[in-house]
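The chain contents come next:
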Amino acid sequence: EKHRWTDLGSLRDNFRWRKTWGTVSWVNSEAGSSAETQLAVLGVQLVVTLLTATLMHRLAPHCSFARWLLCNGSLFRYKHPSEEELRALAGKQKPRGRKERRASGCIEEKPFSVPRDAPFQLETCPLTAVDALALHTLVELVGSLLGGLSWGLSGVLSAVLRFFLEYQWFVDFAVYSGGVYLFTEAYRYVLGPAKEANIAVFWCLLTIAFSVKVFLTVTRLYFSAEEGGERSVCLTFAFLFLLLAMLAQVVREETLELGLEPGLDSMSQNLEPLLKMQGWDWALPLVKLAIRVGLAVVGSMLGAFLTFPGLRLAQTHHDALTMSEDRPMLQLLLHTSFLSPLFVLWLWTKPMARDFLHQAPLGRTSFSLLSDSAFDSLRLWVLVVLCLLRLAVTRPHLQAYLCLAKTRVEQLRREAGRIEAREIQQRVVRVYCYVTVVSLQYLTPLILTLNCTLLLKTLGGYSWGLGPVPTLSPTPPSAHDGPVGPEEDEAQQAAALIAGALGSLLTPLFLRGVFAFLIWWIAACQLLSSLFGLYFHQHLAGS
């Protein structure tokens, strides 16, 4: 026991412990070394992350931004006509019971039909959380209204309605992720450049991953449809956007300043020594080619994902403008939101944006309005404002979609002949059941663009202020600058080598190019698909 306390005392004398806020380190006083070993690199950020995750789990049933956005009562939906109302309009009696039909020798009754121009009215009711969360009740109600309907349609309605839970979780997670990012930015601004890892990057990357998952889930609906041609449309646009993504990477930096060339040069400059150490210097051109091909494939997938959201956005934008004819301010916001991808494309067109603001013409002379660093910061702010603007006009777009039920009924009345009553009910109910999917199609590109913008600022080394920012070095410091001690084993050396390789690949210049390309490409896909949607709905849909 005496020897044990003696050893502890000598250990305390040899190592002088120092506690800092968020990190724990020690200095070996016996060896005279001042090297610090950080045991925790997150600290306060980790506590905030755990608190945010707890709040997200506890408050979701009581306080949800996604549920408030969709179900606060400002949106209204159309209710389908009841079977009794349709029978009264058609002058039909209530169907006989099963015993009466069996006694009269009529086992099955023919489906009840009404004239297509029957003067029935669609009642409205506010869209509330009770309607959205009562999944099983609504499915049973639809089944009873459609009577004799196959289990297939009931399963489809249940699957579509279940997207409300995915919608609520995804949008709420994006909101909490934005809150963590705001806290992290304020924390790092107040305490100065900290050595801690930025945990907001992890939240933004998770939000981007969940956005891709939502895109896959929604696009799977179109691929599972056997009729309608949605699968062919997705594949056609995927090949078209693949070609356009390869063409976009060929444009010179003097015209389209995405930063891919400087980023790839920075990556190659730092990756070349590592490849030469392994004798793989011949693979450097292949790495650059693989990155370009990978970006083209990712662009093709994003183009396929954004095809139907763009088509839907064009339809809801046109209908929202029609519904707000007496509100010019709202129409101005709708037009600005619809053309926001065009503004994003303009921000990365160097002769029209940076060069124009850097050397603005004034008669025979020119003067500088913004420096390069100020223009980079202004571009980030414009992206954030455009995303918030599109979020602000979410409800007019969703209301325009919900009014599609009335439009379909009015179109039905212009046709001749008779139609089954259950088909009328299906046309009205299907619009409401699909509203959560439309919400995801509208909000997911917005959330994806916003998080890519935040990562562009953080990982690209930009600043939110309009002042100068420190110049980035094309060669970042190595992850293992200190001498390798004899006590380090092969596993530690291999881990240091992998960390150095990743640090050489993911340089700030390279990340600038990647995220700038993603933001610019998402805007290009949205603009092309929405413009095609306007042309389709105005000239081809009615033909």
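Residues numbered from 1 in each chain as written. Predicted model: local features only at pLDDT ≥ 70, side-chain atom pairs only at ≥ 80, totals over all residues. Heavy atoms only, no water.

### Observations concerning the overall build of the protein chain
And step 1. Scanning the protein chain from terminus to terminus reveals 24 helices and 8 strands.
And step 2. Expressed as a percentage of the 543 residues in the protein chain, the buried residues total 42%.
And step 3. Restricting the contact set of the protein chain to residue pairs at least 6 apart, pairs at least 24 apart contribute 78%.
And step 4. Here the protein chain displays about 30200 Å² of accessible surface, and carbon together with sulfur accounts for 64% of that area. (Helix = DSSP H or I, 4+ residues; strand = E, 2+ residues; numbered from the N terminus. Buried < 20%, exposed > 50% of the residue type's maximum accessible area, 1.4 Å probe, protein only. Contact = heavy atoms within 4.5 Å. Areas by Shrake-Rupley, 256 points an atom, 1.4 Å probe, with all protein chains shown as cover.)

### Here we look at the pattern of salt bridges
And step 1. This structure, assessed with the given rule, holds 11 salt bridges.
And step 2. In this structure, Glu 254 engages Arg 252 in a salt bridge whose closest nitrogen and oxygen atoms are separated by 3.5 Å.
And step 3. When its relative accessible area of 46% is taken as the criterion, Glu 254 is described as partly exposed.
And step 4. The class for Arg 252 is exposed, based on a relative accessible area of 60%. (Salt bridge = Lys/Arg side-chain N within 4 Å of Asp/Glu carboxyl O.)

### Observations regarding the packing of aromatic side chains
When we look at a pair of aromatic rings, we describe it by the centre distance and by the angle of the planes.
And step 1. In the structure shown here, the tally under the stated rule is 17 aromatic pairs.
And step 2. Between the aromatic rings of Phe 173 and Trp 203, the centroid separation amounts to 5.3 Å while the plane-to-plane angle is 20°, which identifies the pairing as stacked. Here Phe 173, found in helix H9 (residues 163–191), pairs with Trp 203, found in helix H10 (residues 199–224); they are 30 residues apart in sequence, far enough to count as distant. Each member of the pair, Phe 173 as well as Trp 203, carries the same accessibility label: buried.
And step 3. Ring pairs connect the aromatic residues Phe 237, Phe 241, Phe 517, Trp 520, Trp 521, Phe 532 and Phe 536, which therefore count as one cluster. (Phe/Tyr/Trp six-rings, centres within 6.5 Å; stacked < 30°, edge-to-face > 60°.)

### A few points about the environment of Phe 210
And step 1. With respect to the secondary-structure elements, Phe 210 resides in helix H10.
And step 2. The partly exposed category is assigned to Phe 210, whose relative accessible area is 23%.
And step 3. Here the alpha-carbon distance between Phe 210 and Leu 448, two residues 238 residues apart in the chain, equals 9.2 Å.
And step 4. Aside from chain neighbours lying at most four places away, what touches Phe 210 is Trp 169, Phe 170 and Phe 173.

### Some remarks on empty space enclosed by the protein
And step 1. Evaluated as defined, the whole model comprises 6 cavities of 30 Å³ or more.
And step 2. Roughly 150 Å³ of volume is contained in the largest cavity.
And step 3. For the largest cavity, the lining is made up of 14 residues, of which Ser 340, Val 344, Cys 387, Thr 449 and Gln 526 are closest to its centre.
And step 4. Among the elements of the structure, helix H16 (340–347), helix H18 (372–392), helix H22 (435–459) and helix H24 (508–540) are those that each provide at least two residues to the lining of the largest cavity.
And step 5. Its residues assigned to classes, the lining of the largest cavity shows 10 nonpolar, 3 polar and 1 charged. (1 Å grid on protein atoms, 1.4 Å probe; cavity = no way out; pocket = protein on both sides within 12 Å on 5 of 7 lines; lining within 4 Å. Points joined across faces, edges and corners; volume = space filled by probe spheres on them. Nonpolar A, V, L, I, M, F, W, Y, C, P; charged D, E, K, R; others polar.)

### Digging into H16
And step 1. Burial in H16 covers these residues: Ser 340, Pro 341, Val 344, Leu 345 and Leu 347. Viewed along the axis of H16, the buried residues span an arc of 155°, placing them on a single side of the element. (Arc of directions from axis to C-beta.)

### Brief notes about the nonpolar core
And step 1. Core analysis: the largest hydrophobic core is formed by 59 residues, its most contacted members being Leu 70, Phe 120, Tyr 167, Tyr 401 and Leu 440.
And step 2. For this core, the leading source of residues is H22, giving 8 residues.
And step 3. In contact with Leu 70, other than residues within four places in its own chain, are Leu 75, Leu 127, Phe 164, Tyr 167, Leu 398, Val 435, Thr 436 and Ser 439.
And step 4. Counting residues in hydrophobic clusters, the runner-up holds 54 residues, among them Leu 264, Ala 296, Leu 448 and Phe 515. (Core = buried A, V, L, I, M, F, W, Y, C linked by side-chain atoms within 4.5 Å.)

### Overview of the packing of helix H13 (residues 284–305) against H24
Two quantities define a packed helix pair, namely the angle between the axes and the distance from one axis to the other.
And step 1. Here H13 crosses H24 at 30°, and the two axes come no closer than 10 Å. Considering their axes alone, H13 and H24 lie roughly parallel with respect to each other. In terms of crossing hand, the pair formed by H13 and H24 is right-handed. From H13, Ile 291, Leu 295, Val 298, Gly 299, Ser 300, Leu 302 and Gly 303 reach across to H24, where they touch Phe 510, Phe 517, Leu 518, Trp 521, Ile 522 and Cys 525.
And step 2. Here the residues of the contact of H13 with H24 are counted per class, giving 10 nonpolar, 3 polar and no charged. (Axes fitted to C-alpha atoms, helices over the stretch in contact; angles between N-to-C directions. Parallel < 35°, antiparallel > 145°, perpendicular 65-115°, else oblique. Left-handed = near helix turned anticlockwise from the far one by under 90°.)

### Overview of the environment of Phe 241
And step 1. For Phe 241, the location among the structural elements is in helix H11 (residues 230–248).
And step 2. Sequence separation between Phe 241 and Ala 304 is 63 residues; the distance between their C-alpha atoms is 7.7 Å.
And step 3. Ignoring sequence-local partners within four residues, the contact set of Phe 241 consists of Gly 299, Ser 300, Gly 303, Ala 304, Thr 307, Trp 521, Cys 525 and Leu 528.

### Things to note about the packing of helix H20 (residues 404–413) against helix H21 (residues 421–433)
And step 1. It is at 8 Å that the axes of H20 and H21 come closest, and there the two elements cross at 155°. By the criterion of interaxial angle, the relationship of H20 to H21 is roughly antiparallel. In this structure, H20 meets H21 at a crossing whose hand is right-handed. In this structure, H20 contributes Leu 404, Ala 405, Arg 408, Val 409 and Leu 412 to the contact, and H21 contributes Ile 424, Arg 427, Val 428 and Val 431.
And step 2. Classifying every residue of the contact of H20 with H21 by side-chain character gives 7 nonpolar, no polar and 2 charged.

### So, H21
And step 1. Relative to the 18 Å expected for 13 residues at 1.5 Å per residue, H21 spans 18 Å between its end C-alpha atoms, a close match to the ideal helical length.
And step 2. For H21, the set of buried residues is Ala 421, Ile 424, Gln 425, Gln 426, Val 428, Val 429, Val 431, Tyr 432 and Cys 433. (Expected span 1.5 Å × (residues − 1).)

### Focus on the confidence of the model for the protein chain
Any residue range with low pLDDT should be treated as having predicted coordinates unsuitable for detailed reading.
And step 1. Taken over all residues, the pLDDT of the protein chain has a mean of 78, while the share at 70 or more is 73%.
And step 2. Note on residues 1–41: pLDDT is under 50 here. Beyond four places in sequence and across chains, it has 43 contacts.
And step 3. Scored below 50 in pLDDT, residues 477–487 shows 6 contacts in the model against residues more than four places distant or in partner chains. (pLDDT = per-residue confidence, 0-100.)

### Some words on a nonpolar patch on the surface
And step 1. A surface patch of nonpolar side chains, about 740 Å² in accessible area, is lined by Trp 280, Trp 282, Leu 286, Leu 289, Val 293, Val 297 and Met 301.
And step 2. By the secondary structure assignment, Val 293 is in helix H13. (Patch = residues over 30% accessible without salt bridge, like charges linked within 9 Å, V, L, I, M, F, W, Y side chains within 5 Å.)

### Structural notes on the side chain of Ser 324
And step 1. Along the polypeptide, Ser 324 turns up in the loop between helix H14 (307–323) and helix H15 (328–338).
And step 2. Residue classification places Ser 324 among the buried residues on the basis of a relative accessible area of 2%.
And step 3. In contact with Ser 324, not counting residues within four places along its chain, are Leu 330, Gln 331 and Leu 334.

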